[in-house]
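Examining the three-dimensional arrangement
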Amino acid sequence: MAEQVLADGSATAAELAARFGVSLMTIHRDLDELERQGIVRKFRGGVTAQPSGVFESNVQYRLKAMRAQKAAIAEHALGLVEPGMAIMLDDSTTTLEMARRLRLGEVTPLTVVTNFLEALNLLADQRGIHLMALGGDYDPLHSSFLGVSCVEAIQSLRVDVCFASTSAVHGGYAYHQEQHIVSVKRAMLDSAARNVLLIDHTKLTRAALHRVAPLSRFDLLLVDDGAPPDALRDLDEHKVRYEVCVTRGGDDPAGTA
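Values in this document were obtained by computation on a predicted structure and should not be read as measured data. (Residues numbered from 1 in each chain as written. Predicted model: local features only at pLDDT ≥ 70, side-chain atom pairs only at ≥ 80, totals over all residues. Heavy atoms only, no water.)

**Here's the deal with the overall build of the protein chain**
Looking only at helices and strands, the protein chain features 10 helices and 15 strands. For the protein chain, the proportion of its 257 residues judged to be buried stands at 53%. When contacts within the protein chain are restricted to residue pairs at least 6 apart in sequence, those whose partners lie at least 24 apart make up 67%. As presented, the protein chain carries roughly 11,500 Å² of accessible surface, and 50% of it is formed by carbon and sulfur atoms. (Helix = DSSP H or I, 4+ residues; strand = E, 2+ residues; numbered from the N terminus. Buried < 20%, exposed > 50% of the residue type's maximum accessible area, 1.4 Å probe, protein only. Contact = heavy atoms within 4.5 Å. Areas by Shrake-Rupley, 256 points an atom, 1.4 Å probe, with all protein chains shown as cover.)

Next comes the structure, spelled out in structure tokens:
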């Protein structure tokens with residue numbers, strides 16, 4: 001059931017009951033458990049795995065979304081990484097695409113700092129990469145380590161570049177739905193000599209509750225070539241330095257951080 005909702009983005013209880021051949025009572029009980037685990041969110045008559053202005057989507061849903069766009073952004077971002085650097089990756093699935101490319105071992109030696117379990121698992125056995133794990137309270141919804149101890153670990157470090165993503169960009173600011181994520185991202189920005197924001201074009205038209213930072217905090221913003229002209233004009237008006245990354249392949253469902 002979880003796989004079905006994550007694949008489709010949302011479903012009604014009636015649809016799920018028909019698909020799995022069980023009663024609505026059984027479906028609602030199972031959906032309550034999936035909501036408790038943070039995999040889905042219930043709404044009247046069904047569930048959704050998609051993000052809202054208040055809730056971020058489950059990491060498994062984010063891994064499936066906007067893959068071609070994230071790949072283009074990650075490939076472009078990799079050109080900013082040089083051997084000998086210390087870089088920090090946040091817990092976004094866009095920076096995970098960078099980790100996939102770093103795993104090829106073409107940019108070494110390198111120090112990589114991250115709180116994202118998915119990235120840690122990818123790079124754990126990679127020769128030439130000194131991997132530093134940021135500890136804290138494990139959050140299964142984001143597959144990352146968060147909280148006060150994570151922030152304190154970040155504050156003790158200084159890296160060359162931080163690569164980060166957020167859920168929304170609007171009016172010269174980057175936003176995210178969840179406050180405990182915001183505190184970690186802000187600490188990451190403070191710990192880096194340069195900051196690069198990686199966003200797919202859907203972030204330029206989305207809302208989120210908490211302000212992370214003004215776009216002036218980022219030395220560069222990378223966005224895919226699906227960005228509408230009016231959104232790019234808004235970046236120009238706010239004097240944001242950005243580069244557009246060429247996407248290869250088809251579009252995927254709307255992405256998240």
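**Examining the pairing of strand β14 (residues 220-224)**
Every other side chain in a regular strand lies on the same face of the sheet, so the side chains alternate between the two faces. Among the five residues of β14, five are classified as buried, and the element is accordingly described as predominantly covered. Here β14 shows a buried face lined by L220, L222 and D224 and a second buried face lined by L221 and V223. Relative to β14, strand β12 (residues 192-199) runs parallel, the two sharing four bridges. If you follow L198 over to β14, its bridge partner there is L222. Pairing of β14 with strand β15 (residues 242-245) involves four bridges; the strand directions are parallel. Its bridge partner being in β15, V223 is matched across the sheet by V244. (Pairing = 2+ DSSP bridges.)

**Concerning the packing of helix α2 (residues 13-20) against helix α3 (residues 24-36)**
Between α2 and α3, whose axes approach to 9 Å, the crossing angle comes to 110 degrees. Considering the angle they form, α2 stands roughly perpendicular to α3. In terms of crossing hand, the pair formed by α2 and α3 is right-handed. Every residue of α3 that contacts α2 at A13, A14, L16 and A17 is listed here: L24, I27, H28 and L31. Of the residues in the contact of α2 with α3, the class split is seven nonpolar, one polar and no charged. (Axes fitted to C-alpha atoms, helices over the stretch in contact; angles between N-to-C directions. Parallel < 35°, antiparallel > 145°, perpendicular 65-115°, else oblique. Left-handed = near helix turned anticlockwise from the far one by under 90°. Nonpolar A, V, L, I, M, F, W, Y, C, P; charged D, E, K, R; others polar.)

**Side note on α2**
Listed as buried for α2 are A13, L16 and A17. Buried residues in α2, looked at end-on, bunch into an arc of 100 degrees, giving them a common side. Exposed residues pointing more than 90 degrees away from the buried face of α2 are listed as A18 and R19. Just downstream of α2 lies G21, where phi reads positive at about 65 degrees. (Arc of directions from axis to C-beta.)

**Details of the sheet that holds strand β3 (residues 46-48)**
Hydrogen bonding along the main chain pairs the strands of a sheet, whether they run parallel or antiparallel. The sheet built from three strands is open, its strands ordered β1-β3-β2 with antiparallel pairing. Taken across any chain shown, the strands that pair with only one partner, and hence form the sheet edges, are β1 (10-12) and β2 (41-43). With direction set aside, neighbouring strand axes in the sheet form an average angle of 20 degrees. Lying over the sheet, α3 contacts β2 and β3, oriented at roughly 135 degrees with respect to β2.

**Concerning the confidence of the model for the protein chain**
Keep in mind that low pLDDT regions are not for reading the predicted coordinates in detail. Across the protein chain, the average pLDDT comes to 88, with 88% of residues at 70 or higher. Ignoring residues within four places in sequence, the model shows residues 250-256, a span with pLDDT below 50, making 32 contacts including any to other chains. (pLDDT = per-residue confidence, 0-100.)

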